[in-house]
2 protein chains.
Amino acid sequence: MAGVAGDRRIVSEGAGEPATLSEVAYQRLRADIVSGALDAGKPLRLEALKQRYGLSFSPLREALMRLQSERLVFSTALRGFSVAPLSRAEMKDATETRILIESDALRRSMRNGDDDWEAAIVAAFHALSLQAERQSRLSGEVGAVDMHAMDERHYQFHRALIAHCGSPRLLDLADQLYVETQRYRLPCLVGRVAGTPARDVAAEHQQIMDATLRRSEDAVRYLAEHYRRTADIIEASTVWPSSA
Amino acid sequence: MAGVAGDRRIVSEGAGEPATLSEVAYQRLRADIVSGALDAGKPLRLEALKQRYGLSFSPLREALMRLQSERLVFSTALRGFSVAPLSRAEMKDATETRILIESDALRRSMRNGDDDWEAAIVAAFHALSLQAERQSRLSGEVGAVDMHAMDERHYQFHRALIAHCGSPRLLDLADQLYVETQRYRLPCLVGRVAGTPARDVAAEHQQIMDATLRRSEDAVRYLAEHYRRTADIIEASTVWPSSA
DNA sequence: CAATAGAAAATTTTCGAAAGAAATCCAATC
DNA sequence: GATTGGATTTCTTTCGAAAATTTTCTATTG
């Protein structure tokens with residue numbers, strides 16, 4: 001029965017939530033852009049995407065529209081879509097905006113946060129540490145799967161810090177900026193062995209967490225430094241397109 | 001020839017820019033939501049919208065998707081779209097987020113701004129003053145057209161202040177938050193004669209501009225106070241839905 | 001009389017084809 | 001030889017109908 005024309009079940013079978021094909025298109029396109037499977041700047045021809053994902057125009061266009069407002073896709077009126085290009089300027093803007101948003105969110109979170117909030121931070125930090133340790137033990141060949149797991153924990157830790165800020169907008173923006181900056185982080189992580197200047201990321205996280213739990217303004221400074229350090233490393237170790 | 005089936009010219013005839021029907025749908029829906037022509041919380045049935053705007057599913061859905069990521073429209077997977085509801089909490093969140101964004105943008109703008117920037121601010125202030133004066137002279141019946149013109153100048157003034165911040169993201173966010181908060185401002189403006197506690201908005205603008213031109217940190221404080229004052233008035237004079 | 005299952009209606013979502021623009025190519029002209 | 005004009009091709013955008021899903025209604029049962 002599978003593959004027969006007219007077989008377009010929508011309901012999710014497994015654990016995931018994508019109830020519509022539009023959502024599927026969005027998630028897959030986003031993943032492929034962030035991971036670099038779709039090259040930056042490359043035009044996204046509808047026919048090719050239809051082929052690639054086995055979906056038709058409508059859900060694809062809806063997904064692209066959504067990705068456009070998240071700055072992952074660029075488009076001009078009657079000239080179609082393309083993967084948003086990468087550039088130093090964009091990377092820096094995303095980083096600084098992220099610092100602005102998360103600094104405020106962290107301050108508010110420290111003001112509002114309760115015991116559960118603290119517990120969640122400690123738990124997320126622990127999970128991240130375990131994953132990092134596991135990774136370093138099996139070092140050398142870092143599988144893509146591990147990198148994905150690592151990234152997920154990293155995301156969860158940073159999100160736990162600001163989770164109690166009380167502003168849905170700030171949380172949304174932080175999420176969006178996390179994804180945007182991930183485009184620059186990921187390719188840097190893959191071939192990172194080369195120019196790594198002995199950075200102890202785990203220690204930085206510990207420092208941020210400790211300051212956060214004692215409600216110190218230092219936490220905000222450490223967080224900003226953490227992000228700027230990453231940005232600097234990315235800027236240095238990325239091969240930027242000619243005129244950007 | 002007009003109206004004949006198959007007559008779907010896309011190219012804009014007049015001065016405007018909407019090159020696609022998707023763009024038309026976006027602009028009209030947005031205007032109708034902001035102005036309150038479409039009630040907050042009301043379901044947006046595709047068939048009804050198709051009727052109302054004379055467009056078909058595809059462009060409407062694309063526009064709704066875009067409006068959803070701008071928080072003007074709400075949607076659930078297979079249950080369709082609705083106008084995003086209004087609430088005290090959302091209004092406050094939008095206001096505080098706007099203050100966060102624009103404060104930073106204003107500081108950067110004061111750092112980067114050149115002569116042209118200053119000239120543009122003065123010009124925008126002047127245009128706003130003229131419009132306000134014209135309006136107060138013809139007071140009593142304030143036409144909707146005048147209100148629209150007034151709002152445009154108001155927007156232009158606030159935008160001129162932060163125009164040179166150098167961050168496309170901050171400018172986009174400011175624009176988005178301007179539109180979001182306009183939903184709360186507009187209905188309040190229409191019937192404002194009642195509870196107005198003798199507020200001199202023009203003076204507030206002048207104060208912000210003066211401080212900005214002399215590159216004083218006061219500008220940021222005045223701007224925040226300006227927005228919070230507006231939020232307070234809105235909160236007091238709005239009839240909020242029962243449980244929000 | 002409330003609760004439930006099943007059919008009917010309403011609505012959203014998706015598709016494939018058709019219409020409309022832009023980009024490309026090619027020949028004719030200056 | 002460069003340039004302009006027009007046809008051809010490629011691609012985006014839009015439509016209307018078909019499929020899938022949710023909601024509503026109704027009859028039946030405990």
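The following refers to the structure shown.

Cut-offs applied
- Residues numbered from 1 in each chain as written.
- Chains lettered and ligands numbered in written order.
- Predicted model: local features only at pLDDT ≥ 70, side-chain atom pairs only at ≥ 80, totals over all residues.
- Heavy atoms only, no water.
- Helix = DSSP H or I, 4+ residues; strand = E, 2+ residues; numbered from the N terminus.
- Buried < 20%, exposed > 50% of the residue type's maximum accessible area, 1.4 Å probe, protein only.
- Pairing = 2+ DSSP bridges.
- Phe/Tyr/Trp six-rings, centres within 6.5 Å; stacked < 30°, edge-to-face > 60°.
- Lys NZ or Arg CZ within 6 Å of the ring centre and 35° of its normal.
- Least-squares fit on C-alpha atoms with pLDDT ≥ 70 in both.
- Contact = heavy atoms within 4.5 Å.
- Expected span 1.5 Å × (residues − 1).

One non-glycine residue, Arg71 of chain A, lies in the positive phi region at around 70 degrees. Looking at where Arg71 of chain A falls in the secondary structure, it is placed in the loop between helix 3 (57-69) and strand 2 (73-76). Given a relative accessible area of 24%, Arg71 of chain A falls into the partly exposed group. For Arg215 of chain B, which is not glycine, the phi torsion reads 55 degrees and is therefore positive. Residue placement: Arg215 of chain B occurs in the loop between helix 8 (201-213) and helix 9 (218-237). Owing to a relative accessible area of 34%, Arg215 of chain B belongs among the partly exposed residues under this scheme.

Moving residue by residue along a regular strand, the side chains alternate between the two faces of the sheet. Residue and element names in this part refer to chain B. Where strand 2 (residues 73-76) lies against strand 3 (residues 80-83), four bridges are found, and the strand directions are antiparallel. Residue pairing for strand 3: Ser75 is matched across the bridge by Phe81. Once strand 2 ends, the chain turns through three residues before running back antiparallel as strand 3.

This brings us to the sheet that holds strand 1 (residues 43-44) of chain A. All names here are of chain A. Within the open sheet, the three strands sit side by side as 1-3-2. Their pairing is antiparallel. The open sheet has two edge strands with one neighbour each: strand 1 and strand 2. Relative to strand 3 (residues 80-83), strand 1 is paired through two bridges, and the arrangement is antiparallel. Opposite Pro43, over in strand 3, you have Ser82 as the bridge partner.

All chains considered together, the criterion is met by six aromatic pairs over all chains. Ring geometry for Tyr184 of chain B and Trp240 of chain B: centres 6.0 Å apart, planes at 40 degrees, overall tilted. Residue Tyr184 of chain B is found in helix 7 (residues 168-190), and its partner Trp240 of chain B is found in the segment after helix 9; the two are separated by 56 residues along the sequence. Given the relative accessible area of 7%, Tyr184 of chain B is considered buried. In this structure Trp240 of chain B comes out as buried when scored by relative accessible area, which is 12%. Positioned over the ring face of Tyr26 of chain A is Arg66 of chain A, at 3.7 Å from the centre of the ring. Above the face of the Tyr227 of chain A ring, Arg98 of chain A is positioned so that its terminal group lies 3.9 Å from the ring centre.

Quick look at the relation of the copies chain B and chain A now. Overlay of chain B on chain A (RMSD 0.0 Å): rotation 180 degrees, translation along the axis 0.0 Å. Between the two chains, the operation in question is that of a two-fold axis. Taken together, the interface assignments show that 97% of the residues at the interface of chain B recur at the interface of chain A, consistent with an identical surface on both copies.

In an α-helix, one full turn covers 3.6 residues, which means residues spaced three or four apart are oriented alike. Residue and element names in this part refer to chain B. In a regular helix each residue adds 1.5 Å, so 15 residues correspond to 21 Å; helix 1 (residues 21-35) covers 21 Å between its end C-alpha atoms and thus fits that length. Where helix 1 is concerned, the buried positions are Ser22, Glu23, Ala25, Tyr26, Leu29, Asp32, Ile33 and Val34. Following helix 1 by one or two positions, Gly36 has its phi on the positive side, about 90 degrees.

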